[in-house]
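One letter stands for each residue in the lines below.
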Amino acid sequence: MATTTDPRLQQIEDKVKSGRRITPEEGVLLFERGSLGWLGKLANLVREGKHGDVTYFNRNFHIEPTNICVFSCKFCSYSRLYAHREEGWELTSAQMLDIVRKYDGQPVTEVHIVGGVHPKLNLEFFAGLLRDIKAHRPELHIKGFTPVELDYMFRKAKVSAEEGMAYLKAAGLDSLPGGGAEIFAPEIRKQICDDKVDADGWLSIHRAAHQLGMHSNATMLYGHIETFAHRIDHMERLRQMQDETGGFNTFIPLKFRNKDNEMSHVTESTIVEDMKMYAVARIYMDNFPHLKAYWPMLGRNSAQLALSFGVNDIDGTIDDSTKIYSMAGSEEQTPSMTTEQLVALIHQAGRVAVERDTLYNTIRNYTATSGVSQN
Ligand code: V47
Ligand code: SF4
């Protein structure tokens, strides 16, 4: 596959093919000099080495308890300050349990709970919610809360990350989603999300979860004011922590969307930049088992394309239960896909669709010829 005439890229290609880790400088070089086609081929090699053609999805729904938030991240189109709470929403525990009950009898395996940081909702409230959900449907995997929400809850309750995580785990929390990471570098954080938990705080909370045997994901918000070096720095911090704990399942690059937020003047990344981002992530994050293209944010067509650029997971059915991306301008205004649609999307890309649970245990392998039941 000698498709580059650049000796430095050739060296990287040789390293990757022999399973050696690339350096941060080489990571930056991939962004700066790698062509789309060459990056895609190399990322695909890594992807197929890890997973062959297998492409995962799950059956899931979200609960967004509130969009009232004490923070004012500049990229956020979704939150409302407490002072303007009449413009937002705030669900009671009973309303959230009603959402869970709506799925009674349906084969969903995961609920993803994430929202704004409401000044009046505390650790006890969320622990109670977890207990109620588990009492109603014990086998439903609860993936919930970013370190932004957790850090606020734990500080208010005056508990350490370790104590807080142990408490929520005992109440029923199974794993952590990847949100709140944005870009770790302080000079970027200062400009886009100044007041919320910093990189070390984010990493400490995931570390505490990993030490309790819980798994988690990690995201990166890209395509705004960050440089390639910032992206690599972000991925490097995650790669190092993964060496230490092995607790991350999936890396999820999140494309910045610019509608109705304080960064609307920043142009969104092109599809070529998006595909390069996935490819570099797959090549760089050698110790992350999975790379996800989150289709409600990227759009289903681009998510399908990403399956040729290192991605082996496209998230799940969603059932129109999240507003974060539609409010930020994603083409997916009512994100919902049936199992049949997800399987078809994966098969059309020439891959094998596998329904997974949150921890990547196989629920069903759909070969290209197998029938698919609805929902
Ligand atoms: O942290 C907010 C992002 C994240 C915008 O773990 C935006 O499986 C783009 O982390 N443009 C929350 N992105 C969502 C999240 C997530 C989503 C799906 C799956 C998983 C998982 C995690 O949404 C925030 C922030 O980075 N976000 N606003 C925006 N305008
Ligand atoms: Fe609040 Fe999260 Fe929006 Fe930041 S991204 S303002 S923490 S809801």
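Every value quoted in this text rests on a predicted model; they were computed, and no experiment measured them.

Conventions adopted
Residues numbered from 1 in each chain as written. Chains lettered and ligands numbered in written order. Predicted model: local features only at pLDDT ≥ 70, side-chain atom pairs only at ≥ 80, totals over all residues. Heavy atoms only, no water. Near = heavy atom within 4 Å. Polar contact = N/O pair within 3.5 Å; in protein donor to acceptor, adjacent residues only side chain to side chain. Areas by Shrake-Rupley, 256 points an atom, 1.4 Å probe, with all protein chains shown as cover. Helix = DSSP H or I, 4+ residues; strand = E, 2+ residues; numbered from the N terminus. Nonpolar A, V, L, I, M, F, W, Y, C, P; charged D, E, K, R; others polar. Pairing = 2+ DSSP bridges. Axes fitted to C-alpha atoms, helices over the stretch in contact; angles between N-to-C directions. Contact = heavy atoms within 4.5 Å. Phe/Tyr/Trp six-rings, centres within 6.5 Å; stacked < 30°, edge-to-face > 60°. Buried < 20%, exposed > 50% of the residue type's maximum accessible area, 1.4 Å probe, protein only. UniProt positions renumbered as here; feature names shortened; annotations may be inferred. Patch = residues over 30% accessible without salt bridge, like charges linked within 9 Å, V, L, I, M, F, W, Y side chains within 5 Å. Salt bridge = Lys/Arg side-chain N within 4 Å of Asp/Glu carboxyl O. Parallel < 35°, antiparallel > 145°, perpendicular 65-115°, else oblique. Core = buried A, V, L, I, M, F, W, Y, C linked by side-chain atoms within 4.5 Å.

1. Observations regarding the site of ligand 1
Inspection of the region around ligand 1 gives 22 residues, with Lys-143, Gly-178, Gly-180, Glu-182 and Lys-292 positioned closest. The contact in question runs from an oxygen atom of ligand 1 to an N or O atom on the backbone of Gly-178, over 2.8 Å. The separation between an oxygen atom of ligand 1 and a polar main-chain atom of Gly-179 is 3.1 Å. For ligand 1, whose free accessible area comes to 620 Å², the fraction covered by protein is 96%. Elements with a minimum of two residues in the shell around ligand 1: β6 (215-222), β7 (248-255) and α14 (324-327). For the shell around ligand 1, the class distribution of residues is 10 nonpolar, seven polar and five charged.

2. Things to note about the sheet that holds strand β9 (residues 313-316)
Across the sheet, which stays open at both edges, the four strands sit in the order β9-β1-β10-β11 with mixed pairing between neighbours. Edge positions in the sheet fall to β9 and β11 (362-366), since each of these pairs with one other strand and no more. This sheet shows a mean twist of 25° between the axes of neighbouring strands, independent of strand direction. With four bridges connecting them, strand β1 (residues 54-58) and strand β10 (residues 352-356) associate as parallel partners. Among the inter-strand pairings, Val-54 is bridged to a residue of β10, identified as Val-352. Helix α15 (residues 339-348) contacts β1, β9, β10 and β11 of the sheet and is inclined by roughly 160° relative to β1.

3. Considering the packing of aromatic side chains
With the rule as written, the count across this model stands at 12 aromatic pairs. Centroid distance Tyr-56 to Tyr-360: 5.3 Å. Interplanar angle 90°. Geometry classified as edge-to-face. Here Tyr-56 is found in strand β1, whereas its partner Tyr-360 is found in the loop between β10 and β11, with 304 residues between them in sequence. The exposure class assigned to Tyr-56 is buried, which follows from its relative accessible area of 11%.

4. Description of the UniProt feature "binding site: [4Fe-4S] cluster" (unreviewed entry) in the chain
Taken from the UniProt record, the annotation "binding site: [4Fe-4S] cluster" (unreviewed entry) applies to Cys-69, Cys-73 and Cys-76. Its location among the elements puts Cys-69 in the loop between β2 (60-63) and α4 (93-102). The contact partners of Cys-69, leaving out residues within four places of it in the chain, are Ser-79, Arg-80, Leu-81, Tyr-82, Gly-116 and Val-117. Looking at where Cys-76 falls in the secondary structure, it is placed in the loop between β2 and α4. Under the relative-accessibility criterion, Cys-76 is labelled partly exposed at 25%. In this view, Cys-76 contacts Asp-260 and Asn-261; residues no more than four positions away in its chain are not counted.

5. Thoughts on a nonpolar patch on the surface
Together, Ile-271, Val-272 and Leu-305 make up a nonpolar patch on the protein surface, roughly 220 Å² of accessible area in all. With respect to the helices and strands, Val-272 occurs in helix α11 (residues 271-284).

6. A look at the packing of helix α6 (residues 147-157) against helix α7 (residues 161-171)
Between α6 and α7, the least distance of the axes is 10 Å, while the angle of their chain directions is 105°. Considered as vectors, α6 and α7 are oriented roughly perpendicular to each other. Across from Leu-150, Met-153 and Phe-154 in α6, the residues of α7 making contact are Ala-161, Gly-164, Met-165 and Leu-168.

7. With respect to the site of ligand 2
In the vicinity of ligand 2, the residues found are Cys-69, Phe-71, Cys-73, Phe-75, Cys-76, Ser-79, Gly-116, Val-148 and Lys-196. Broken down by class, the residue content of the shell around ligand 2 amounts to six nonpolar, two polar and one charged.

8. Observations concerning the nonpolar core
Formed by 72 residues in total, the largest nonpolar core has its most connected members in Leu-30, Met-235, Leu-238, Phe-251 and Tyr-278. Sequence-distant contacts of Leu-238, defined by excluding residues within four places in its chain, comprise Phe-184, Trp-202, Leu-203, Ala-218, Phe-248, Phe-251, Met-285 and Phe-288. In this structure, Ile-63, Leu-123, Leu-130 and Leu-150 belong to the second largest nonpolar core, which totals 33 residues.

9. Section: unusual backbone geometry
Positive phi, normally seen in glycine, also occurs at Asp-260, with a value near 55°. Position of Asp-260 among the secondary structure elements: in the loop between β7 and α11. We note that Asp-320 has phi near 50°; this positive angle belongs to a residue other than glycine. The residue Asp-320 is located in the loop between β9 and α14 in this model.

10. As for the UniProt feature "binding site: S-adenosyl-L-methionine" (unreviewed entry) in the chain
Residues annotated by UniProt as "binding site: S-adenosyl-L-methionine" (unreviewed entry) correspond here to Phe-75 and Glu-182. Across 108 residues in sequence, these annotated residues keep their C-alpha atoms within 9.8 Å of one another, forming a single compact spot. Within the element layout of this structure, Phe-75 appears in the loop between β2 and α4. Setting aside residues no more than four positions away along its own chain, Phe-75 makes contact with Glu-182, Ile-192, Cys-193, Lys-196, Leu-221, Phe-256, Arg-257, Asn-261 and Met-263.

11. Observations regarding the environment of Arg-189
Tracing the chain through its elements places Arg-189 in helix α8 (residues 186-192). Accessibility expressed as a relative area gives 5% for Arg-189, which makes it buried. Contact partners of Arg-189, with chain neighbours within four places excluded, come to Gly-180, Ala-181, Glu-182, Ile-183, Phe-184, Asp-194, Lys-196, Val-197, Asp-198 and Ala-199.

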